[in-house]
Amino acid sequence: MAQAVPAGQKWWSGGKSPFHVEYGKLMMWFFLMSDAFTFGALLISYGTIRMSSNAWPNPNEVFKTFPIIGEMPVPLAFVSLMTFILIMSSVTMVLAVGAGHNNDRKAVLKWLFWTIIGGLAFLSCQAWEWTHLHMEGAWWGRNPFMNIDGTQSSSNFTNFFFTITGFHGFHVFSGVIVNIIMFIMTWKGTFERKGHYLMIEKAGLYWHFVDLVWVFVFTCFYLL
Amino acid sequence: MDSATAVQHTQHSDKHSFDTRIIWRTFWVLTAITVFELFIAILYYETDFLPKHILNGVFIIMTLAKAFFIIAEFMHLRHEIKNMIMVLAVPALLFIWFVIAFMGDGVSYRHLRNRYDRYQYEQSKTPVKKAEKPEAKKPGVE
């Protein structure tokens, strides 16, 4: 269902964007496209190395701890919580963008606030997970886990894990900073004076992209 | 500036595409898929009820479904005009080649190495004895 536009509209005859979006939004999409290939390259190189190995550690064994309840094995529960937090913060971001369409400053502030909280919660979870794995002896160049068939594992597993989740975490961090800037600008009434909240939309695209990448990271590292 | 206000005007008349009901429905779909993935992952961990290859196929299909919903609804791409959708979807097709070529390369390298580097092969098939399991604790960490 494409946007409602007059039939027979000549998009390429000049004088208007043939993509029917504002310049900044188009460029944000192109940036995200290039970023998708960066993440794609990282994840695919991980896949290549994993395919070229005879065995690999079992994610259900590696990622089975949950804070507070400690050593009780609940495979993947914690990372599912992280996934849920990120999806949830994506929803609040859409609601912020929607509120921006209605020029509802109060609602934009409210939903941006929850998005920032969601981002911080995700980062905290990741910090806990990294700390926990580090305590178990995992780090770049160090892999304490056995392969699933009990053979010696290489540090490929931890190298890729920390590099890719780290790169993603850095994106989340940047997204939180961007959202905080959007929050301050909304708070100071910058967008109200401009008459539109299109900037929130661009920040929103970035934030959803971070969620999108996490969906793939989640599958590649925790499920497969 | 002109195009920005123009876009804003069309979007104002097009407010229904920001229906919060659709957003929440998307949210529930994403959550349900994630819970289901988790469910079969744990079921597999406990009972080995399916070959892992089939399970991986299921996971990949569900991941692509989630990606579709995020891009289409949250990123709103489904509601843009066709030019916009195509300028992003067509380059994204490169990923098909990207994945197939590099996965194939990984498999081929594993076979070559297993055939010609027998020492590596034997080593990779020898389970580590429990006593030999390297100490996980780092020095200085309790």
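Refer to the structure presented above.
This structure is a prediction, so every number in the text was calculated from the model and none was measured. (Residues numbered from 1 in each chain as written. Chains lettered and ligands numbered in written order. Predicted model: local features only at pLDDT ≥ 70, side-chain atom pairs only at ≥ 80, totals over all residues. Heavy atoms only, no water.)

Undergrad: Tell me what's going on with the overall build of chain B, and back it up with residues and numbers.
TA: Looking only at helices and strands, chain B has six helices and zero strands in total. Along the chain direction, N to C, the helices and strands of chain B fall in the order α-α-α-α-α-α. Buried residues in chain B amount to 33% of all 142 residues. Look at the contacts in chain B between residues 6 or more apart in sequence, and 50% of them connect residues 24 or more apart. When the accessible surface of chain B is split by element, carbon and sulfur atoms take 67% of a total near 9200 Å². (Helix = DSSP H or I, 4+ residues; strand = E, 2+ residues; numbered from the N terminus. Buried < 20%, exposed > 50% of the residue type's maximum accessible area, 1.4 Å probe, protein only. Contact = heavy atoms within 4.5 Å. Areas by Shrake-Rupley, 256 points an atom, 1.4 Å probe, with all protein chains shown as cover.)

Undergrad: Summarise the interface of chain B and chain A; cite the residues concerned and give the values.
TA: Taken residue by residue, the interface counts 69 residues in chain B and 74 residues in chain A. Regarding the contact of chain B and chain A, the summed buried area is about 6700 Å², with carbon and sulfur atoms giving 72% of it. The interface formed by chain B and chain A includes one salt bridge. Connecting chain B to chain A are eleven residue pairs in polar contact (both at pLDDT 80 or more). Those elements giving two or more residues to the side of chain B that touches chain A turn out to be α1 (2-13), α2 (20-47), α3 (52-74), α4 (82-92), α5 (94-116) and α6 (118-125) of chain B. Within the side of chain B that touches chain A, the residues separate by chemical class into 41 nonpolar, 16 polar and twelve charged. (Buried area = accessible area lost by both parts, 1.4 Å probe. Salt bridge = Lys/Arg side-chain N within 4 Å of Asp/Glu carboxyl O. Polar contact = N/O pair within 3.5 Å; in protein donor to acceptor, adjacent residues only side chain to side chain. Nonpolar A, V, L, I, M, F, W, Y, C, P; charged D, E, K, R; others polar.)

Undergrad: How would you summarise the nonpolar core if you had to cite specific residues and measurements?
TA: Judged by nonpolar contacts, the single largest core of 85 residues is most densely connected at I200(A), W214(A), F221(A), Y222(A) and M84(B). Among the elements of the structure, α1 (23-51), α3 (77-101), α4 (105-135), α5 (156-187) and α7 (198-223) of chain A together with α2, α3 and α4 of chain B are those that each provide at least two residues to this core. No other element matches the 17 residues that α7(A) contributes to this core. Ignoring anything within four residues of it in the chain, the contact list for F221(A) reads L43(A), Y46(A), P59(A), F63(A), F160(A), F161(A) and I164(A). (Core = buried A, V, L, I, M, F, W, Y, C linked by side-chain atoms within 4.5 Å.)

Undergrad: Tell me about the pattern of salt bridges, and name the residues and values.
TA: According to the stated counting rule, one finds five salt bridges over all chains in the structure shown. The shortest N-O distance in the salt bridge between K202(A) and E22(A) comes to 2.9 Å. Of this pair, K202(A) sits in helix α7 while E22(A) sits in the segment before α1, and the two are 180 residues apart along the sequence. Both residues of the pair, K202(A) and E22(A), belong to the buried class. A salt bridge links E201(A) to K25(A); the nearest nitrogen and oxygen atoms lie 2.5 Å apart. Taken as a pair, E201(A) in helix α7 and K25(A) in helix α1 lie far apart in primary sequence, 176 residues in all. Pair check on accessibility: E201(A) and K25(A) agree, each one buried. When salt bridges with common partners are traced through the structure, they connect K25(A), E201(A) and E80(B) into a single cluster.

Undergrad: Can you explain unusual backbone geometry? Please cite residues and give values.
TA: Leave glycine aside and you will find that most residues have negative phi; peptide bonds, for their part, are mostly trans. All names here are of chain A. Of note in the backbone geometry, H20 takes a positive phi value of approximately 60 degrees without being a glycine. Tracing the chain through its elements places H20 in the segment before α1. Phi at N103 takes a positive value of approximately 50 degrees, unusual for a residue other than glycine. By secondary structure assignment, the location of N103 is in the loop between α3 and α4.

Geometric values such as these leave the question of function open.
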